[in-house]
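Chain by chain, the residues:
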Number of protein chains: 2
Amino acid sequence: MRASNYLFSTLRDAPTDAVVTSHQLMVRAGMIRQISKGLYTWLPTGVKVFRKVEGIVRDEMQKAGALEVIMPGVQPAELWQESGRWQKYGPELLRLKDRHDRDYCVGPTHEEVITELARNELTSYKQLPINFFQIQTKFRDEVRPRFGVMRSREFSMKDAYSFHVSPESLQETYDVMHQAYCNVFDRIGLDYRPVLADTGSIGGAYSHEFHVLADSGEDDIAFSDSSNFAANVELAEAICLKEKADPATQELTEVFTPDCKTIQKVAEFLKLDVTKTVKTMLVKGIDENEQETIVALVLRGDHNINELKVEKLDGIVSPFEFAGETDIINKIGCAPGSIGPKGLKEKGIRIIADRSAAVMSDFCAGANKDDYHFTGINWERDCPEFEVADLRNVVEGDPSPDGQGTIVIKRGIEVGHIFQLGQQYAQALNASVLDENGKAQIMHMGCYGIGVSRIVAAAIEQNFDDKGILWPESIAPFDVAIVAMNYDKSEAVREACETLYQELTAKGLDVLLDDRKERPGVKFADCELLGIPHRFVIGDKGLANNTFEYKNRIQGENQDIAIEQACDFILSAKK
Amino acid sequence: MRASNYLFSTLRDAPTDAVVTSHQLMVRAGMIRQISKGLYTWLPTGVKVFRKVEGIVRDEMQKAGALEVIMPGVQPAELWQESGRWQKYGPELLRLKDRHDRDYCVGPTHEEVITELARNELTSYKQLPINFFQIQTKFRDEVRPRFGVMRSREFSMKDAYSFHVSPESLQETYDVMHQAYCNVFDRIGLDYRPVLADTGSIGGAYSHEFHVLADSGEDDIAFSDSSNFAANVELAEAICLKEKADPATQELTEVFTPDCKTIQKVAEFLKLDVTKTVKTMLVKGIDENEQETIVALVLRGDHNINELKVEKLDGIVSPFEFAGETDIINKIGCAPGSIGPKGLKEKGIRIIADRSAAVMSDFCAGANKDDYHFTGINWERDCPEFEVADLRNVVEGDPSPDGQGTIVIKRGIEVGHIFQLGQQYAQALNASVLDENGKAQIMHMGCYGIGVSRIVAAAIEQNFDDKGILWPESIAPFDVAIVAMNYDKSEAVREACETLYQELTAKGLDVLLDDRKERPGVKFADCELLGIPHRFVIGDKGLANNTFEYKNRIQGENQDIAIEQACDFILSAKK
C-alpha cells in the first residue's frame, strides 16, 4: 500500500469521551470513528487489524473441526418466545417490527436460531457430535456503551454451538474448543488466562472465560505464578496450608475500644497488625425448622467475604443477605461494630470460621458489647464450637488451589467464553435426535464465544507506549513501513523504495510505502502511532553507504542494514 | 473435509415455495435454510461458496485500489433525515427505536454513513480520489421476498463509494471499477454483460448494471452478437439502417375493417404482414403555449413503444401518459382503434414517426374513421409533414447501435450496479474539501454495488443440469470429491483415499473425502447435487488395476486414471 493512496486519519489528540487507552489509540490511529453512541465505522487501518484477527479465529475454528454457517442478524420473535428469552432478556435486546408488524430482534446471540436449525437438520446420533460457528455482527443495546469497541452496541463475535448425545461427548468438544481458544490467543501473541468462570444468567454447568491481562480490565483474575491455574477471583478456592492454630500464649482480655467501628480502627487503636484480628459478620440463615435465623461468619481482619461462596453453604439464605441491625441488637445486645465469636454459641448462633481465621491464635475480636473488644482470644480455649469453611476471596500470596505456586491477581478483559449449556435450549425447543436404540434424546449443547472486535482493543490495552500502539506481529495493520525521505525529489530514493517494496510484497508481507510529501517527523509519528512493527527509512545519505536505517517498533534502536540484506533481515526478524 | 464430520443436509425434493432453479437447488444441496420470510441461514456448503465469491470480490476491490471499511449495520435516523431519505425511502427501510427511544434503521445501503465519514475525514483535494468499500449484510424489508437469496430481506452486498474533486476524476475511478467488476465476473466464470442502465431513483448521471444472463432473470438485456454493446432493452437505441422510404407503388385505398380494434386483427383481416402496418398512438403533449395537447406517435405494427424514450422528447408530458379516449373522439372523431397519421396534421396534431416507421412505403394505417383503414399509404405523397425519432424498444435482429453486429435479447439477473452519483449526497450533507486554490468544493461521488449472496444464486441459474449444480471451478464448495467404496471394510481403500486426500490437500485443493457408511448411489447423488467439479471413485476393483475412476461433473464421462497420476491430472484439469 502506498501512503499517498491510503487514508491515515491519524489525530494528535484523543476525543474527550475516550477514557481507556485502547479507545484513545484506536481513534488517534484512525482505526475507528463513532457514528452514533456505541456504533462505529472501522476505517482502513482498523479493518486491516480486524481481518487479521478474524482470519486467525476462523482458521483455528476450522482446525478444531467446526463448520462455518451464517445465521440471520435479524431474528424472528417466535424463536425467542419458545426459549422464554423474549420476555426475560430485558432492554439490551433490540426489538423491532417489520412492515407487516411482525416482531423481530437484532440478534445479540444465536442460541435460539442454531437450536431451531439443529432440530430440523439433525435427526440421528450418527450426525453428532457437530459444531457450528459463525463470525458475525451482533447488537446489544447497552444502556451505557463505553470504552470504544470494547463495549459498543454493535460488535463482531465468533459464536459456536456444538450438539451432542451425551455430557461426555460435550466435554470432549469443550476440551477441543478450550485448546482452540488457547491456540487463537497464542497465535495472536496475547498474555491471557483461561479462567474458571461463573455460568451466570446463560445457565449451564461448566464454563471458562478467556481473559487478556491488562490494567484496564473490568474483572479480577486470580492465577498461579507457577501453574496453569486461573479463576475469576470470586471463584478461586482460598486455601490455608496451616492445619492447626498455635497454642494460646496470651490471656483473654476485654479492652475498651471507643469509636472503633471498623476492624482497621480497632487494629490501629490497639496497635495490632490487622492480621491478628478477626471480623465477624452476621448474615441471614435458615435453621433446621426452616425458620430464618442469624449465622456468624468469622474472617481474618484483612480478608474479604465472598458472597458466592457463602450462599452456596447449607443453611444460608441465597441470595446472600446481611442480618438487619435491629435483629442484631435484639439478639446480641450490641451494634455490628463490636461483634465477635466468643459467647455467640451461648446465644444459639451458629459460627462458621473461614479456613484462615480458624487457625489463628491470640487474636482480637469484638466482645459483643458496644465499644469493647477482646484480645488474646484462642478458639479452643475461648470459643471451641464452630464450623470451618472457605468464606473469602483469595488474595495475592495465597497458595494456589492446585498446590503449585502462589496466587497472583491481575485485572483481565474477557475476550472469550466457553460454556457447557447442557440441555436447556434443546429442551425448550425440543431438539432431539434418535439414539442408537432408536429413542429420541434431547441433545446436549455447548456454546463458545470470542469477541473478535474486542480482541483488537484488548491487544492494544496490553501493547502500547507513549507513542502509540505496539502490535503483536500477527495482527499489525502493516508488517513493514518504508519511510521515504525526499521521495518526490530523489530518483535514487524512489528507486530504492520501489525495489524494497516489491521485494517485501513478493514475500507476502503487508508493506506501507510512505511516499507522502510530509515532513519526516509526521511520517515517523504515524508509523509509531499505527504500531507498525518494522520500519525502514530510505534516504540519500544511507543510500550513499549502501544502507537503509532500520528500527523495530518495540526494541526502538536504530540500526543500519545493508540494502541487499534488508529483505532477509525482516523475514528472519518475523520468525 | 471428511464427509463423516460434515453436514450435508441434502434433500430429494425442493420446498414448494421454491419456484426458481437456484432456490430449489440451494435448498436441496443443503446450502441455505429459511428461518423466517426472506431470512436465511447459510449452511456449511453455502458458506463455502459464499466465502469464495466474497474472497474474489474483496481481492478485485483491493487490486482496484479501494480501501476496506466496515460501517455499522444499524444507522442513526439523523443522517437519513439530513439526506431527505428518511421520509422518501418507504417501507423497505426497516426502522426501529433503541432503548432510549431514538430512531434508527437497519441499513439497506450506506450513502449517508459514508458521506458523513467523508465530510469529517476528507478535508483536502490531496486526499482525493479515494474509494472505500465494505462487504456487509444489508436489510431491505421487501414486501414480497422471493427466489431464495436472490431477493431475500437480508443479503450480503459489497458496496463501494468514491469521492472526487471533479467529474473527470469520478469518470476515471468509474472506469477502473467497471473493469474491476468485469474482472470479478470473469474470475468467477460467469456469462455476464455490463449494460448501460437507467439511473432510476438513486439519482445521478451515468450508470451500468452487470447482468448474469439466465432465463430466470427479471430484466431484458439487449446486446450485440459481435461487440461489447449491451443495454437494458428500454435504454438501447433502435437503429434503422434504411435511410429513405421506397417509392410508392400502390394507390391509397380506404378499406372497411369491421371489429378490427388491434393492429394484429387488421393485418389478419387484410391478409397483410404486420410489418406492413403501422400503429398510431396518441399521447399527452405540451404545445408552444404550455397548453396540454395531443401528439401522435407512429410505430411499425410489430414494434413496441418505449415510454422512457418518448418522455425524454420535447413537448411530451413526463411521466408518459396516453391521451384520454374522450379527448381522442372529440378531436379526431373516431375511437383509438382506427387512428392513422393521414389527416392528423390538418387537425393540428403533431406527428412523430419512429425511425423504422418513417422509412415504410405502401403501408396500412387507421383512416381516422371508425372501422376503416387505409392501405397503400406513402409518407411523402399522403402525409408529408412529420418528425422522426427513436420511439421504440429494440427487438432481436435490430442492428446494434454501435454499428457492429445485430441485437440479441436475453434475460439477465442484476448482480452489480455502478453509478456516477455526482454531488447529490455530498450536497445534502455538505461534504466538501478545499481545492488547489483553498476554496471549498462539494465532492463528486460514485457508488458501486455487487450482490455477493445474489451472485451465488445467479451462478446456479446459469450452471445446472437435472442432477444438480454445475459450479464454475472458482467458487465450487469443494474442488474434488473422493468417493470411497467400502471405506469401513477395505484397508486398501482407506489407505488409498487417505493418500490422495493428503496429496490434493497439500496442493491447496479443497477436498471432500466421502467416508460415510452410505450406499454409493447416495454418495454420487450428493456429489452431483453439490456440483463438485472433479470426482474420484476409489474401490478395490480399481485399486487392483492401479487406477481410480475419475468423472468430471460437466463433461460427465467416466475414465480410469493411474493412481500416481491422479494429483497431477487434477492440477492440470483445473488450469
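Residues take numbers from 1 onward in each chain, read along the sequence in its written order. Throughout, the order in which chains and ligands are written sets their labels, letters from A for the former and numbers from 1 for the latter. Reporting of local features is limited, given that this is a predicted model, to residues whose pLDDT is at least 70; pairs of side-chain atoms are given and counted only at 80 or more, and all residues count toward the totals for whole chains, interfaces and linings. Heavy atoms throughout the structure, all of them, feed into the side-chain values; hydrogens and water do not.

**As for the overall build of chain A**
Regarding its fold elements, chain A presents 16 helices and 30 strands. Expressed as lengths along the three principal axes of its C-alpha atoms, the size of chain A is roughly 95 × 65 × 45 Å. In short, Shrake-Rupley with a 1.4 Å probe defines the accessible areas, and a residue's cover is counted only from the protein chains shown. Looking at chain A as shown, the accessible area adds up to about 24,100 Å², and 46% of this sits on carbon and sulfur atoms. Asp and Glu are treated as the negative residues and Lys and Arg as the positive ones, with His and the ends of the chain left uncounted. Taken as the charge location is NZ of Lys, CZ of Arg, CG of Asp or CD of Glu. Here chain A contributes 65 positive and 90 negative side-chain charges, whose respective centroids are spaced 4 Å apart. The helix and strand labels rest on DSSP assignments: H or I over at least four residues marks a helix, E over at least two residues marks a strand, and numbering proceeds from the N terminus.

**Here's the deal with helix H5 (residues 111-121) of chain A**
With nine of its eleven residues buried, H5 of chain A lies for the most part within the structure. Only protein chains enter the area calculation, which uses a 1.4 Å probe; residues under 20% of their type maximum are buried, those over 50% are exposed, and those in between are partly exposed. Those residues of H5 of chain A lying buried are Glu111, Glu112, Val113, Ile114, Thr115, Glu116, Leu117, Ala118 and Glu121 of chain A.

**Here's the deal with the pattern of salt bridges**
Throughout this description, the term salt bridge denotes a Lys or Arg side-chain nitrogen within 4 Å of a carboxyl oxygen of Asp or Glu. If you walk through the whole model with that rule in mind, you get 92 salt bridges over all chains. A salt bridge links Lys52 of chain A to Asp510 of chain A; its shortest N-O distance comes to 3.2 Å. On the criterion of sequence distance, the pair formed by Lys52 of chain A in helix H2 (residues 44-63) and Asp510 of chain A in the loop between helix H13 (491-506) and strand E27 (511-514) is long-range, its members being 458 residues apart. Note that Lys574 of chain B is salt-bridged to Glu473 of chain B, the shortest N-O span being 3.2 Å. You can see Lys574 of chain B sitting in the segment after helix H16 (566-573) and its partner Glu473 of chain B sitting in the loop between strand E25 (468-469) and strand E26 (480-484), a full 101 residues away along the chain.

**Here's the deal with the domain arrangement of chain A**
Residue and element names in this part refer to chain A. Taken as a whole, chain A is organised into domain 1 (47-236 + 412-460), domain 2 (253-389) and domain 3 (480-574). A straight line from the C-alpha centre of domain 1 to that of domain 2 covers 42 Å. We call two residues in contact whenever any of their non-hydrogen atoms come within 4.5 Å of each other. Facing the four residues of domain 1 at the interface are four residues of domain 2. Carbon and sulfur atoms make up 46% of the area that domain 1 and domain 2 hide from each other, which totals about 310 Å². One can count zero salt bridges joining domain 1 with domain 2. Polar contacts, as used here, are pairs of N or O atoms within 3.5 Å; protein pairs need one atom able to donate a hydrogen and one able to accept it. Residues neighboring in sequence count only if both atoms are side-chain atoms. Where domain 1 touches domain 2, the interface holds two residue pairs in polar contact (both at pLDDT 80 or more). Boundaries between domains were set according to an automatic or database domain assignment. Buried area adds together the accessible area that both of two parts lose upon being put together, with accessible area traced by a 1.4 Å probe.

**Here's the deal with the pairing of strand E30 (residues 558-562) of chain B**
Residues and elements named next belong to chain B. In this description, strands pair whenever DSSP reports at least two bridges between them. With five bridges joining them, strand E29 (residues 547-552) and E30 adopt antiparallel strand pairing. Bridging from a neighbouring strand, Tyr550 pairs with Gln559 of E30. Joining the antiparallel neighbours E29 and E30 is a turn of five residues, in which Gly556 adopts a positive phi near 80 degrees.

**As for the packing of aromatic side chains**
All names here are of chain A. A pair of Phe, Tyr and Trp rings is counted when the ring centres sit within 6.5 Å of each other, with Trp represented by its six-membered ring. The angle between the planes then sorts it: under 30 degrees is stacked, over 60 is edge-to-face, the rest tilted. Inspection of the entire model under this criterion finds 34 aromatic pairs over all chains. For the ring pair Tyr181 and Phe185, a centre distance of 6.4 Å and an interplane angle of 75 degrees mean the geometry is edge-to-face. Here the residue Tyr181 and the residue Phe185 both occupy positions in helix H6 (residues 167-188), the gap between them amounting to four residues, near one helical turn. Take Tyr181 and Phe185: they sit in the same class, and that class is buried. Centroid distance Phe536 to Phe548: 5.9 Å. Interplanar angle 70 degrees. Geometry classified as edge-to-face.

**A short note on the sheet that holds strand E5 (residues 94-97) of chain B**
Backbone hydrogen bonds hold the strands of a sheet together, and the pairing may be parallel or antiparallel. All names here are of chain B. Taken in spatial order, the three strands line up as E4-E6-E5 in an open sheet, and their pairing is antiparallel. The strands lining the two open edges of the sheet, one partner per strand, are strand E4 (74-76) and E5. The mean inter-strand angle of the sheet, taken between neighbouring strand axes irrespective of direction, is 35 degrees. Across four bridges, E5 lies against strand E6 (residues 103-106) in antiparallel orientation. What sits directly across from Lys97, in E6, is Asp103. As a rule, the C-alpha atoms of each element are fitted with a line to give its axis, helices using only the stretch in contact, and angles between N-to-C directions run from 0 to 180 degrees.

**Side note on the packing of helix H1 (residues 21-28) of chain B against helix H12 (residues 452-462) of chain B**
All names here are of chain B. At a minimum axis distance of 8 Å, the contact between H1 and H12 shows a crossing angle of 105 degrees. The angle between H1 and H12 falls in the class roughly perpendicular. Residues Thr21, Ser22, Leu25 and Met26 of H1 lie in contact with H12, whose contacting residues are Val456, Ala457, Ile460 and Glu461. When residues are grouped by polarity, Ala, Val, Leu, Ile, Met, Phe, Trp, Tyr, Cys and Pro land in nonpolar, Asp, Glu, Lys and Arg in charged, and all others, Gly among them, in polar. When its residues are assigned to classes, the contact of H1 with H12 shows five nonpolar, two polar and one charged. By definition in this entry, angles of less than 35 degrees are roughly parallel, angles greater than 145 are roughly antiparallel, angles of 65 to 115 are roughly perpendicular, and the rest are oblique.

**What about the packing of H2 of chain A against helix H12 (residues 452-462) of chain A?**
Residues and elements named next belong to chain A. With their axes 9 Å apart at the nearest point, H2 and H12 run at an angle of 115 degrees to one another. Taken together, the axis directions place H2 and H12 in an arrangement best described as roughly perpendicular. Two packed elements cross with a definite hand, and for H2 against H12 that hand is right-handed. On the side of H2, the interface is formed by Val49, Phe50, Val53 and Glu54, while H12 contributes Val452, Ser453, Ile455 and Val456. By residue class, the composition of the contact of H2 with H12 is six nonpolar, one polar and one charged. Crossings are classed by handedness, with left-handed meaning an anticlockwise turn of the near helix from the far one by less than a right angle and right-handed meaning a clockwise turn.

**Regarding the sheet that holds strand E13 (residues 253-256) of chain A**
All names here are of chain A. Read across the open sheet, the three strands follow the order E13-E18-E17; overall the sheet is antiparallel. At either end of the open sheet lies a strand with only one pairing partner, and these are E13 and strand E17 (363-366). Strand-to-strand, the axes of this sheet are offset by a mean angle of 30 degrees, without reference to chain direction. Direction of pairing for E13 relative to strand E18 (residues 372-377): antiparallel, over a ladder of four bridges. Counterpart to Val255 in the pairing with E18 is His373.

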